[in-house]
Amino acid sequence: MKPSGYSLDATFAALADPTRRAILARLANGEATVTELAAPFDMTQPAISKHLKVLERAGLITRGRAAQRRPRKLEPRPLAEATDWIERYRRIWEANFARLDAVLQQLKSKEKKTVDALLEDVKPKPKQRRSK
Amino acid sequence: MTPAAAVKITTPTDREVVMTRVFDAPRGMVFDALTKPELLRKWLLGPPGWTMPVCEVDLRVGGKYRYVWQNAEGRSMGMGGTFQEITRPSRIVATEAYEEYWTGGETLVTTELVETRSKTTLSTTVRYASRDARDAAIKMGATKGLEASYNRLDELLTTQT
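So, here's what we can say about the structure. Given the structure is predicted, the values throughout are model-derived calculations rather than measurements. (Residues numbered from 1 in each chain as written. Chains lettered and ligands numbered in written order. Predicted model: local features only at pLDDT ≥ 70, side-chain atom pairs only at ≥ 80, totals over all residues. Heavy atoms only, no water.)

Let us now look at the overall build of chain A. Within chain A, the regular secondary structure consists of 5 helices and 2 strands. Starting at the N terminus, the α and β elements of chain A follow one another as α-α-α-α-β-β-α. Put simply, of all contacts in chain A between residues at least 6 apart along the chain, 53% involve residues at least 24 apart. When the accessible surface of chain A is summed, it comes to about 8,800 Å², and 55% of that surface belongs to carbon and sulfur atoms. (Helix = DSSP H or I, 4+ residues; strand = E, 2+ residues; numbered from the N terminus. Contact = heavy atoms within 4.5 Å. Areas by Shrake-Rupley, 256 points an atom, 1.4 Å probe, with all protein chains shown as cover.)

Rendered as structure tokens:
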């Protein structure tokens with residue numbers, strides 16, 4: 001299946017800004033007008049509109065049709081595609097790194113044996129003690 | 001065994017992907033595991049069922065490396081590049097390109113190792129040649145080719161937890 005036409009690059013770029021992430025978080029609770037979205041920020045409405053445009057271009061939000069209000073709402077798909085890719089990438093590398101952990105453990109125990117053997121050579125032999 | 005440390009992935013700029021992971025070993029050891037073929041072959045395998053029949057590393061500036069993976073059905077995937085900077089045991093910079101058509105061209109990979117109290121933080125920064133290249137790699141990676149292998153990996157991970 002072909003993914004949406006939105007560029008993942010645009011998705012990541014849009015997500016790189018804290019104001020835009022806050023807007024998305026707000027919209028996750030339901031649609032809101034530009035005025036409502038601007039309220040929690042110390043920003044002018046045109047500044048907020050700029051952020052909304054970036055989010056829109058990335059396909060992350062859309063405008064409702066209700067004439068004057070034109071509420072914005074969250075579009076879940078592009079975000080899901082971006083996180084899906086990161087998730088797959090992460091899993092592949094988690095598997096690789098779990099194997100790397102095992103390799104490092106082997107190296108450490110080998111090194112320890114070598115060091116122990118060296119110490120064994122230099123230290124005076126303790127008297128044999130039998131505990132059984 | 002302690003639970004595996006988490007892999008952290010971030011996208012600090014529109015051309016980069018950064019991956020970070022902590023290892024319970026001094027960095028000289030991690031550096032070896034990243035650069036010695038006999039060690040690389042044991043872990044750098046990707047999805048289950050793949051082996052690494054070719055693993056050549058000429059570890060010097062200007063030297064080349066090449067990896068080829070193969071699965072049971074005989075499908076193979078090759079990758080390689082040239083070392084641009086090597087500072088043992090803290091830093092490696094190398095180009096990286098897949099030999100198949102489906103990825104986004106050559107990338108520049110910077111590997112950094114930082115040691116704190118005999119634990120090593122490994123961070124790998126992959127920089128794509130362009131925004132389009134990263135886009136292509138991401139889309140292809142997300143939608144094509146390795147789908148089935150990823151599913152097997154999902155299964156494996158589920159049975160292990």
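That was the structure; now back to the text.
Secondary structure summary: chain B contains 4 helices and 8 strands in total. Its helices and strands taken in sequence order, chain B reads β-β-α-α-β-β-β-β-β-β-α-α from the N to the C terminus. Per-residue burial for chain B yields a buried fraction of 43% across its 161 residues. Partitioning the contacts of chain B with sequence separation of at least 6, the portion at a separation of at least 24 is 38%. For chain B, the exposed area adds up to about 8,300 Å²; of that, 52% sits on carbon and sulfur atoms. (Buried < 20%, exposed > 50% of the residue type's maximum accessible area, 1.4 Å probe, protein only.)

Bringing the packing of helix α5 (residues 76-122) of chain A against helix α1 (residues 27-35) of chain B into the picture now. At their nearest, the axes of α5 of chain A and α1 of chain B sit 10 Å apart, and the two run at 125° to each other. Our classification of the angle between α5 of chain A and α1 of chain B gives oblique. Crossing of α5 of chain A over α1 of chain B shows right-handed handedness. Contacts from L100, V103, L104, L107, K108 and E111 of chain A of α5 of chain A reach α1 of chain B at M29, V30 and A33 of chain B. (Axes fitted to C-alpha atoms, helices over the stretch in contact; angles between N-to-C directions. Parallel < 35°, antiparallel > 145°, perpendicular 65-115°, else oblique. Left-handed = near helix turned anticlockwise from the far one by under 90°.)

Further remarks concern the nonpolar core. F97 and L104 of chain A together with W43, Y67 and W69 of chain B are the most contacted members of the largest nonpolar core, which has 44 residues in total. The greatest single-element share of this core, amounting to 9 residues, is contributed by α5 of chain A. In contact with F97 of chain A, other than residues within four places in its own chain, are V7, M19, R21, F23, W43 and L122 of chain B. (Core = buried A, V, L, I, M, F, W, Y, C linked by side-chain atoms within 4.5 Å.)

Now for the side chain of E16 of chain B. Residues and elements named next belong to chain B. Its location among the elements puts E16 in strand β2 (residues 16-23). Buried and without a salt bridge, E16 has R127 as its closest oppositely charged side chain, separated by 5.2 Å. A polar contact is formed between the side chain of E16 and the side chain of T13, at a distance of 3.0 Å. The residues contacting E16, other than those within four sequence positions of it, are T10, T11, T125, V126, R127 and R134. (Lys, Arg positive; Asp, Glu negative; His and termini not counted. Salt bridge = Lys/Arg side-chain N within 4 Å of Asp/Glu carboxyl O. Polar contact = N/O pair within 3.5 Å; in protein donor to acceptor, adjacent residues only side chain to side chain.)

As a further point, take the pairing of strand β6 (residues 91-98) of chain B. Residues and elements named next belong to chain B. Judged from the 6 bridges that link them, strand β5 (residues 76-87) and β6 form a sheet pairing that is antiparallel. Its bridge partner lying in β6, M79 is registered against Y98. In textbook terms, the turn of a hairpin is the stretch between consecutive antiparallel strands, and for β5 and β6 this stretch comprises 3 residues. Inspection of the sheet shows β6 paired to strand β7 (residues 107-116) by 6 bridges, in the antiparallel sense. Along β7, the bridge assignment pairs I92 with T111. (Pairing = 2+ DSSP bridges.)

Further remarks concern the environment of E16 of chain B. Exposure remark for E16 of chain B: the relative accessible area of 17% places this residue in the buried category. Each C-alpha atom, one on E16 of chain B and one on T125 of chain B, is 6.7 Å from the other, the two residues being 109 residues apart in sequence.

Shape descriptors only; they carry no functional weight alone.
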